[in-house]
Amino acid sequence: MGPRRLDQDESDYSRALTSSGKQQTLLNVVRLRYADTPGFLDTTQLISGYQLQRNLSVGVGTDSPVRPIGGAAIQFQESPTFTFQPVTGDSYAQSFLRPLPPGSLLPLAMGGLPIDVLFRLSVQSVNLISNAGAIGGSVGRGSPEFFELIHDLRLLQLTGLLGIQLEHSPEISGKTPPVDRVFLTVASTNDPVLSETVYETRRFFGMSRTDERVEVVYGGGKAARGQVRLLTRTMLGVMAQIAYQIEVPAEDIRSGRTLAGTALIGRETKPIIIIHVGKERPDNVFVWTTYNNKYYWIADDDFDSKLAFTMLQILLELSKTSKNPGAIVTIPVNG
């Protein structure tokens, strides 16, 4: 029975783990919208046991004429066991309170993830211009230049003119520690429209017309010549920004359970992820959860929100620093 269960169990548990992870993330985002404490559980072990029992009995009846009597029974039993581990202490601090390192963040764009969505989620500022923040008001709207920059970066990414280079400097004589350096490259082109985008991007980064790469370093403020300062967010900061953009019911604002958000108008302030709320369980959803007797969900036909939420899940996995090997699936079978 074991080989016959393997394919189905692997697919079923994979889907279940992914679905539960999405629900946990959405629930924590909603909690943050209401100033509630987020909680994180990691599934560390799955044990699914199956037992098949077959019984066959044959006897001889005592009535006349004598004839055989008997019976057969088959019993199938499943006993799954799940082990969860709360994320606390140093693991919590490292995973959710540590800013995302540019050296781990930027290569995601080269893996095909849209760099404009990636920056909206995980970057608070580039040099002296700021992304929208969760503090609200006019300050929280961010700089229009930030959204113009990520629009241009996305265009360069789509046309193959944007690149990321990683360099590892080895330790020297035990005195200089090894250093991982990240470079952003902006290639030249003969296309007149794209050439203007290349020029504006290089100018923003303080590059000359002939420079093709600039080093990306962590931090805020004015960058030194040949560098771009990238102030990245923590995972709690990423989730708080998404939470702040949820359009909650007016009754929750009037009752003081949460605060009103800034009106979201235009490309610059459109929510990264549109999260709906209602009192009836929704249909055709990508992910849903419940909080305070209400349903919160992301629509399955909202591709942009689904993509951004999937990127949020990837960032959550990237931020984990625990040495735990992850979920282990053990399936003993008796039959």
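These lines cover the structure that appears in this document, whether it is placed above or below. Everything numeric in this text was worked out from a predicted model, so none of it was measured. (Residues numbered from 1 in each chain as written. Predicted model: local features only at pLDDT ≥ 70, side-chain atom pairs only at ≥ 80, totals over all residues. Heavy atoms only, no water.)

As a further point, take the overall build of the protein. The helix and strand tally for the protein stands at eleven helices and 13 strands. Taking all 335 residues of the protein together, 38% fall into the buried category. Excluding contacts between residues fewer than 6 apart, the proportion of contacts in the protein whose partners are at least 24 apart in sequence is 63%. Carbon and sulfur atoms make up 53% of the accessible area of the protein, which totals about 18700 Å². (Helix = DSSP H or I, 4+ residues; strand = E, 2+ residues; numbered from the N terminus. Buried < 20%, exposed > 50% of the residue type's maximum accessible area, 1.4 Å probe, protein only. Contact = heavy atoms within 4.5 Å. Areas by Shrake-Rupley, 256 points an atom, 1.4 Å probe, with all protein chains shown as cover.)

Turning next to helix H11 (residues 303-319). Across its 17 residues, H11 extends 24 Å between first and last C-alpha, which sits within 8% of the 24 Å expected from 1.5 Å per residue. Three or more residues of H11 are buried, namely Ser-305, Lys-306, Ala-308, Phe-309, Met-311, Leu-312, Gln-313, Leu-315, Leu-316 and Ser-319. (Expected span 1.5 Å × (residues − 1).)

Here we come to the packing of helix H8 (residues 235-244) against H11. Contact geometry of H8 with H11 gives a least axis separation of 10 Å together with a crossing angle of 160°. By the angle between their axes, H8 is roughly antiparallel relative to H11. Relative to H11, the crossing made by H8 is left-handed. Along the contact surface, H8 presents Met-235, Val-238, Met-239 and Ile-242, while H11 presents Leu-312, Leu-315, Leu-316 and Ser-319. Of the residues belonging to the contact of H8 with H11, the class tally is seven nonpolar, one polar and no charged. (Axes fitted to C-alpha atoms, helices over the stretch in contact; angles between N-to-C directions. Parallel < 35°, antiparallel > 145°, perpendicular 65-115°, else oblique. Left-handed = near helix turned anticlockwise from the far one by under 90°. Nonpolar A, V, L, I, M, F, W, Y, C, P; charged D, E, K, R; others polar.)

Another aspect to go through is the layout of surface pockets. By volume, the second largest pocket is sized at about 470 Å³. Along the walls of the second largest pocket sit 19 residues, with Asp-116, Val-117, Arg-120, Lys-270 and Asp-304 positioned nearest its centre. Listing elements by their share of the lining of the second largest pocket, those giving two or more residues are helix H5 (115-122), helix H6 (144-158) and H11. Per element, the largest residue contribution to the lining of the second largest pocket is five residues, and it comes from H11. (1 Å grid on protein atoms, 1.4 Å probe; cavity = no way out; pocket = protein on both sides within 12 Å on 5 of 7 lines; lining within 4 Å. Points joined across faces, edges and corners; volume = space filled by probe spheres on them.)

To summarise the sheet geometry, strands pair through backbone hydrogen bonds and adopt either a parallel or an antiparallel arrangement. Spatially, three strands are ordered S9-S11-S10 in an open sheet, and the strand pairing comes out antiparallel. Unpaired on one side and paired on the other, strand S9 (276-278) and strand S10 (285-291) mark the two borders of the sheet. Ignoring strand direction, the axes of neighbouring strands in this sheet form an average angle of 25°. In this structure, S9 lies alongside strand S11 (residues 294-299), joined through three bridges in antiparallel fashion. Pairing of His-276 across the sheet is with Trp-297, part of S11. (Pairing = 2+ DSSP bridges.)

Attention now moves to the packing of aromatic side chains. Centre distance and the angle of the planes are the two values used to describe a pair of aromatic rings. One pass over the structure, following the stated rule, counts eight aromatic pairs. Consider the rings of Phe-146 and Phe-147, whose centres lie 5.5 Å apart with planes at 85°: the pair is edge-to-face. Across this residue pair, the class does not change: Phe-146 and Phe-147 are buried. For the ring pair Trp-288 and Tyr-295, a centre distance of 5.9 Å and an interplane angle of 50° mean the geometry is tilted. (Phe/Tyr/Trp six-rings, centres within 6.5 Å; stacked < 30°, edge-to-face > 60°.)

It is worth spelling out the pairing of strand S3 (residues 123-126) at this point. Where S3 lies against strand S8 (residues 227-232), three bridges are found, and the strand directions are antiparallel. Bridge assignment links Ser-125 to a residue of S8, and that residue is Leu-231. Across two bridges, the pairing between S3 and strand S4 (residues 129-130) is antiparallel. Its bridge partner being in S4, Ser-125 is matched across the sheet by Ser-130. Hairpin geometry of S3 and S4 is characterised by an intervening segment of two residues between the two adjacent antiparallel strands and by a positive phi of about 55° at Asn-127.

The subject of this paragraph is the nonpolar core. Core analysis: the largest hydrophobic core is formed by 65 residues, its most contacted members being Phe-119, Val-126, Phe-205 and Ile-275. Discounting residues that sit within four places of it in the chain, Ile-275 has contacts with Leu-26, Val-29, Ile-242, Ile-246, Tyr-296, Trp-297 and Ile-298. (Core = buried A, V, L, I, M, F, W, Y, C linked by side-chain atoms within 4.5 Å.)

In this structure, Ser-95 sits in helix H2 (residues 89-96). Given the relative accessible area of 3%, Ser-95 is considered buried. Each C-alpha atom of the pair Ser-95 and Thr-234 lies 8.4 Å from the other, and the pair is 139 residues apart in sequence.

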